[in-house]
Amino acid sequence: MNGPIVVGFDGSPESVAATGWAAREAVLRGLPLELVEAWPWRRNDVLGTDDAIAWSRQRLAAKEEELRAVLASGAQVTSAHVPEEPAEALEAAGRNAAMLVLGSRGLGTLRGYLVGSVSQEVLRRAACPVVLVRAEESGPTTGGPTTDASATGGPTPDASAQGDVVLGLDLRHACDDVIAFAFEAARLRSAPLRAVHAWMPPTGSEYMAFAAIGSMDAELSAAEQHEFADTLSPWRSRRPQVTVNAELVRGHAAATVVEAAAGADLLVVGRRVRRAPIGAHLGPVAHAAIHHVQCPVAVVPYE
């Protein structure tokens with residue numbers, strides 16, 4: 001995973017939270033950090049646009065200097081003010097990035113459906129992993145950098161203060177890229193990895209006799225457990241320092257993953273890249289996660 005960690009910045013609380021998370025992740029991974037601010041309005045669109053552009057550039061430069069001052073010595077921080085629509089600018093930046101980090105408003109009383117249109121568009125189309133960070137996550141885990149080095153999540157964050165990394169695993173589309181991202185995130189945080197897979201009996205089985213249902217459930221569960229263990233086994237060998245807890249749950253995948261992410265430090269889910277005429281879209285698990293999970297959510301594309 002080469003390239004910088006790119007974070008969308010526009011001065012909003014959402015982007016400040018995302019920038020803080022991205023800065024610490026850049027230190028953890030030893031990667032450069034790049035702040036991207038998109039400016040879609042042309043100079044002749046609105047009276048005073050020149051002043052607004054100058055102000056936004058100054059704000060971006062100030063954030064860049066702040067990050068460079070509080071991060072570990074030698075950390076590479078750059079910024080770019082791009083005259084494009086935000087979704088297009090971020091998608092383009094993501095083509096050469098290790099990951100994109102975007103901010104999202106908090107869940108609030110509605111408990112979801114507050115992810116912005118730009119974030120959703122980038123999540124659907126990005127070629128690299130995209131991490132969505134909630135705005136209210138402003139404490140030691142995801143807040144913006146301050147002059148206190150301990151609050152920036154330096155090179156050796158306190159793992160005891162963190163939750164685990166949760167991997168929502170689909171055995172039908174178990175992708176190495178998604179699993180590798182989750183294992184590496186857990187390793188870097190010295191955190192346990194909780195791999196969760198949900199399964200359901202075939203449609204129509206509810207009409208079978210009780211004895212037959214029980215027998216079939218036992219057989220299906222055993223088969224799923226065996227496949228689950230086989231999928232994780234090579235990764236346990238490659239990353240022996242990562243403690244792995246595997247949870248096989250009978251239930252709907254989206255609801256299971258959302259529930260499993262409660263209290264986690266990071267949720268990792270996959271997004272299958274589909275070459276369809278209707279365009280890119282999120283699957284049901286990723287869609288549920290970005291709308292209903294409180295912790296940062298990493299959406300990793302795979303073929």
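Just so it is clear, the model here is predicted, and its values are computed rather than measured.

*Asks:* An account of the pairing of strand β10 (residues 297-302) is requested, with residue identities and associated values reported.
*Replies:* Burial runs high along β10: 6 of the 6 residues are buried. Across the two faces of β10 the burial is the same, with Val297, Val299 and Pro301 and Ala298, Val300 and Tyr302 all buried. Relative to β10, strand β5 (residues 130-134) runs antiparallel, the two sharing 3 bridges. Paired with Leu132 across the two strands is Val297, which belongs to β10. In this sheet, β10 lies alongside strand β9 (residues 266-272) in parallel orientation, the contact comprising 6 bridges. Bridging across to β10, Leu267 finds its partner in Val297.

*Asks:* Lay out the packing of aromatic side chains with the relevant residues and their values.
*Replies:* Tallied over the entire structure, the rule returns 1 aromatic pair. Positioned over the ring face of Phe181 is Arg29, at 5.1 Å from the centre of the ring. Its guanidinium or amino end placed over the ring of Trp199, Arg250 lies 5.7 Å from that ring's centre, counting from NZ or CZ.

*Asks:* Please give an account of the packing of helix α3 (residues 86-94) against helix α4 (residues 117-125) that cites residues and values.
*Replies:* At a minimum axis separation of 9 Å, α3 and α4 run at an interaxial angle of 35 degrees. Where α3 crosses over α4, the two elements pack in a sense that is right-handed. On α4, the residues that touch Pro86, Ala87, Glu88, Leu90 and Glu91 of α3 are Val118, Glu121, Val122 and Arg125. For the contact of α3 with α4, the residue count by class is 5 nonpolar, no polar and 4 charged.

*Asks:* Lay out the sheet that holds β10 in plain terms, naming residues and giving numbers.
*Replies:* Note on sheets: strands pair through backbone hydrogen bonds, and any given pair is parallel or antiparallel. If you trace the 10 strands from one edge of the open sheet to the other, you get β3-β2-β1-β4-β5-β10-β9-β6-β7-β8, paired in mixed fashion. Each edge of the open sheet carries a strand with a single partner, namely β3 (77-82) and β8 (244-250). Averaged over all adjacent pairs, the angle separating strand axes in this sheet is 25 degrees, with direction ignored. Alignment of strand β6 (residues 165-168) against β9, held across 3 bridges, turns out to be parallel. Directly across from Leu167, in β9, lies its bridge partner Val268. On top of the sheet, helix α1 (residues 13-29) reaches β1 (5-8), β2 (33-38), β4 (99-104), β5 and β9; it is set at about 150 degrees to β4, its chief contact. Against the sheet, α4 contacts β4, β5, β9 and β10, and its axis sits at roughly 155 degrees relative to β4.

*Asks:* With reference to specific residues and values, describe helix α5 (residues 176-189).
*Replies:* Along an α-helix, residues three or four positions apart point the same way, because every turn accommodates 3.6 residues. With 14 residues, α5 should cover 20 Å at 1.5 Å per step; its first-to-last C-alpha distance of 20 Å lies within 8% of that length. Where burial is concerned, most of α5 is hidden: 10 out of the 14 residues are buried. Among all positions of α5, only Val178, Ile179, Phe181, Ala182, Phe183, Glu184, Ala185, Ala186, Leu188 and Arg189 are buried. Trailing α5 by a residue or two, Ser190 shows a phi angle of about 50 degrees, which is positive.

*Asks:* Tell me what's going on with the environment of Asp170, and back it up with residues and numbers.
*Replies:* For Asp170, the position within the fold is in the loop between β6 and α5. For the pair Asp170 and His197, spaced 27 residues apart in the sequence, the C-alpha separation amounts to 6.2 Å. At 3.0 Å, the side chain of Asp170 forms a polar contact with the backbone nitrogen of Arg172.

*Asks:* Talk me through the packing of helix α7 (residues 253-260) against helix α8 (residues 284-292); I want residue IDs and the actual numbers.
*Replies:* At a minimum axis distance of 8 Å, the contact between α7 and α8 shows a crossing angle of 35 degrees. In this structure, α7 meets α8 at a crossing whose hand is right-handed. On α8, the residues that touch Ala253, Ala254, Val257 and Val258 of α7 are Pro284, Val285, Ala288, Ala289 and His292. Split into classes, the residues belonging to the contact of α7 with α8 amount to 8 nonpolar, 1 polar and no charged.

Reading the values: the criteria
- Counting starts from 1 at the beginning of each chain's written sequence and moves along it residue by residue.
- Totals for whole chains, interfaces and linings use every residue, but because this is a predicted model, local features are given only for residues with pLDDT of at least 70 and side-chain atom pairs only at 80 or more, for both listing and counting.
- Neither water nor hydrogens contribute to the side-chain values; these are computed over all heavy atoms in the structure.
- The rule is simple: take the accessible area with a 1.4 Å probe, protein chains only, and divide by the maximum for that residue type; under 20% is buried, over 50% is exposed, in between is partly exposed.
- Note on conventions: DSSP H or I runs of at least 4 residues are helices, E runs of at least 2 residues are strands, and numbering of each starts at the N terminus.
- At least two bridges found by DSSP between two strands are what make those strands a pair.
- Any two rings among Phe, Tyr and Trp, with Trp reduced to its six-membered ring, count as a pair given centres within 6.5 Å; such a pair is stacked if its planes are under 30 degrees apart, edge-to-face if over 60, and tilted if neither.
- Any Lys NZ or Arg CZ that is within 6 Å of a ring centre and within 35 degrees of that ring's normal is treated as a charge sitting over the ring.
- Helix axes are fitted to C-alpha atoms over the stretch in contact, other axes to C-alpha atoms as well, and angles between N-to-C directions run from 0 to 180 degrees.
- Crossings are classed by handedness, with left-handed meaning an anticlockwise turn of the near helix from the far one by less than a right angle and right-handed meaning a clockwise turn.
- Any two residues whose heavy atoms approach within 4.5 Å at even a single point are treated as in contact.
- Throughout, the ten residues Ala, Val, Leu, Ile, Met, Phe, Trp, Tyr, Cys and Pro are labelled nonpolar, Asp, Glu, Lys and Arg are labelled charged, and all others, Gly among them, are labelled polar.
- Under the convention used throughout, the expected extent of a helix is 1.5 Å for every residue step, that is, one less than its residue count.
- Here a polar contact is taken to be a pair of N or O atoms separated by no more than 3.5 Å, where protein atoms must pair a possible hydrogen donor with a possible acceptor and residues adjacent in sequence count only if both atoms sit in side chains.

These results come straight from atomic positions and should not be treated as a statement about function.
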